[in-house]
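As a plain string of letters, each chain reads:
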Amino acid sequence: MNNKSKRIFGFLFVFILAVSMITACSGGGSNNATQNNANKQENVSEEQPNNETSFTDISKDIRGNTAPTPEQISEVNATLNDTYLGDIFDEKIPNDYSAYPFKGDVTLDVWMPANRNIPDMNNHAIQKQVEKLTGIKVNFITPPVGQEADAFTLMISSGDLPDIIIEPGRYPGGFEAGVNDGAYLDLTDLMEKNAPNYTAWRNSDETRRKTTVTDSGKLLGFYGIAPYSEWMWFGMLIKQEALDKTGLPVPETIDEWHTFLTKAKEVGYSEPLNYGSNYGQIFTGILNGAYGVWDWTFLDSNGKVAWGPAQPKAKEYLTMMQQWNKEGLLNKDWATADFNQRMSSAISGKTAVMMDSPDTMWSYWKEQNNIDFVGALNPVLNKGDKAATTYKNFKRTGTEAAITTQAENVEAAMAWLDFAYTKKGWEIYNYGEYGTVHLIDENGKPYYPENSYMYNDPDGQPVAVALDKYRRHSWPDIRDEHNSNPLIVAKGSYSGEIRKNWTENMDTSAAIPPISFTKEEASREAELGNQLSTLRGEYFAKIIKGELPVDAYDKFLEEAKKMGLDEFLSIHQAALDRYNGR
């Protein structure tokens, strides 16, 4: 597309976007844009290479080899030969390499949010290896950390789009709105032909299929989809030394937690519970979940969508939290603390309990500061009640990618993304480079040896940084979190055991699957959701701090209903009904 065409597109796109945001009407021209690209795609790929690729079996040389030769390392890293990899999941990972190396000189522009652990994505070891194997060069466009939202908005409003966008759901109204407005391609008719590995993988399991298609049957892009439902990742973590000093067992009920935190304060932990964490709490609910007052939407006992802050025991929850705050059981900066402030507090003598990820805390507590810890199930009100959570993984994980309507070579863009769903792509994206980062065991499963760069980074970086430096932790791929997350599989790590225990021993019936909204619904849902979230945040924070009495909750609920709570829930219910019908 020439500059003049891009300027014209930009003008039209900004106009469409403005109209859609104001009137919530469907943007015009998206079908034509999709059809034009589909036609272009058909013209480009009239001749398809043979899908069968044969390799010399090198499994005897690679499996169980702890000291591979330079020639063996080159064979694994520089070729598409995957004969040494085993089949370790219920479904076999596809390995159609017929598109590689891609014919022609292609460079794709890919926009993605920055990662503070990766100074330059264009020089990332994984990216260089994928370029060589696919024959497709990529130029990553990454805004500065913290400026992603503004950069994305500016890019969309300018109308000058790259070939691929990682995290396309940032689009106003969501991923599907971007397709409807003509910014992203509808890949439904192109996917089977040009992304055979992604197609085979998503169709090999009903949950993966259901969570990667829209209510209307469209395939919008490439989603991160796992071989299994990942373990729950967020919860209550207690320093072992705090248990030792208090002489108390791991708490189960709210009353036991109050007793434990009070005793922890008496033995020296001045702010025993590090409570402030909106990045995890909003998805799972912990203390509030004991009262059924989940942070946001959930499924009630009848399978209908309900709103946590409006549940009957909300006043009981707020009374408890106000009391705990008054007694100094929470960190004083719980309402404002950022990640770095929380981690600084965590390793100090102030904190006895964190509400966080055991992977993160294994790095900060155990690996870097030799602080042992244990996990606790979410609190319950009554002894014997089953702990519960609104978090459940539906095999949709990592992130997603869209191909824009300005992509000059759609076939190349799809081939590059599709590589992540091949057996070779699974190995590289999850485990990094063979030899320096991972080896292959006797069963054909990749693993990190003790002398791996992952655990012995030449630059001295901790595992929490190396996990992004040598592999892709969150990506549109087959994410093998349980086996490839170095914080889980590191020698001595027990974070995976904690996460598995949480997952297997908590009720997830309240969890809502990954529903999607129509363009009209998305606009209204976002408007109501933002208003309700702000209202909830203000009232609950002021009540917990004691700035408002608990009875102020009645006014909160009244205002929420006037604001449109019933309409908000009806939008979610309609989306859930459509999801169930997929």
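Residues numbered from 1 in each chain as written. Predicted model: local features only at pLDDT ≥ 70, side-chain atom pairs only at ≥ 80, totals over all residues. Heavy atoms only, no water.

- You'll find the protein entered in an unreviewed UniProt entry as Extracellular solute-binding protein, with Paenibacillus timonensis given as the organism.

## Some words on the confidence of the model for the protein
Item 1. Residues with a pLDDT of 70 or more make up 90% of the protein, whose mean pLDDT is 89.
Item 2. Below a pLDDT of 50 lies the segment residues 1-52, which in the model reaches 74 contacts outside its immediate sequence neighbourhood of four places, other chains included. (pLDDT = per-residue confidence, 0-100. Contact = heavy atoms within 4.5 Å.)

## Observations concerning empty space enclosed by the protein
Item 1. Tallied over the full model, the rule gives 1 cavity of 30 Å³ or more.
Item 2. In this model, the largest cavity occupies a volume close to 40 Å³.
Item 3. Along the walls of the largest cavity sit Gly86, Asp87, Ile88, Phe89, Glu91, Lys92, Ile93 and Lys423, which together make up its complete lining.
Item 4. A breakdown of the residues in the lining of the largest cavity according to their chemical character gives 3 nonpolar, 1 polar and 4 charged. (1 Å grid on protein atoms, 1.4 Å probe; cavity = no way out; pocket = protein on both sides within 12 Å on 5 of 7 lines; lining within 4 Å. Points joined across faces, edges and corners; volume = space filled by probe spheres on them. Nonpolar A, V, L, I, M, F, W, Y, C, P; charged D, E, K, R; others polar.)

## Some details on the nonpolar core
Item 1. Of all hydrophobic cores here, the largest spans 100 residues; its most connected members are Leu108, Ile164, Tyr184, Phe222, Ile403, Met414 and Trp416.
Item 2. Sorting elements by how many residues they give to this core places helix H17 (residues 410-418) first, with 7 residues.
Item 3. Beyond its immediate chain neighbours, meaning those up to four positions away, Leu108 contacts Ile136, Lys137, Val138, Asn139, Asp163, Ile164, Asn409, Ala412, Ala413 and Trp416.
Item 4. Listed in part, the 61 residues of the second largest apolar core include Leu243, Trp257, Phe540 and Leu576. (Core = buried A, V, L, I, M, F, W, Y, C linked by side-chain atoms within 4.5 Å. Buried < 20%, exposed > 50% of the residue type's maximum accessible area, 1.4 Å probe, protein only. Helix = DSSP H or I, 4+ residues; strand = E, 2+ residues; numbered from the N terminus.)

## Things to note about the environment of Ala552
Item 1. For Ala552, the position within the fold is in helix H24 (residues 552-563).
Item 2. Once residues lying within four places of it in the same chain are set aside, the contact partners of Ala552 are Tyr539 and Ile543.

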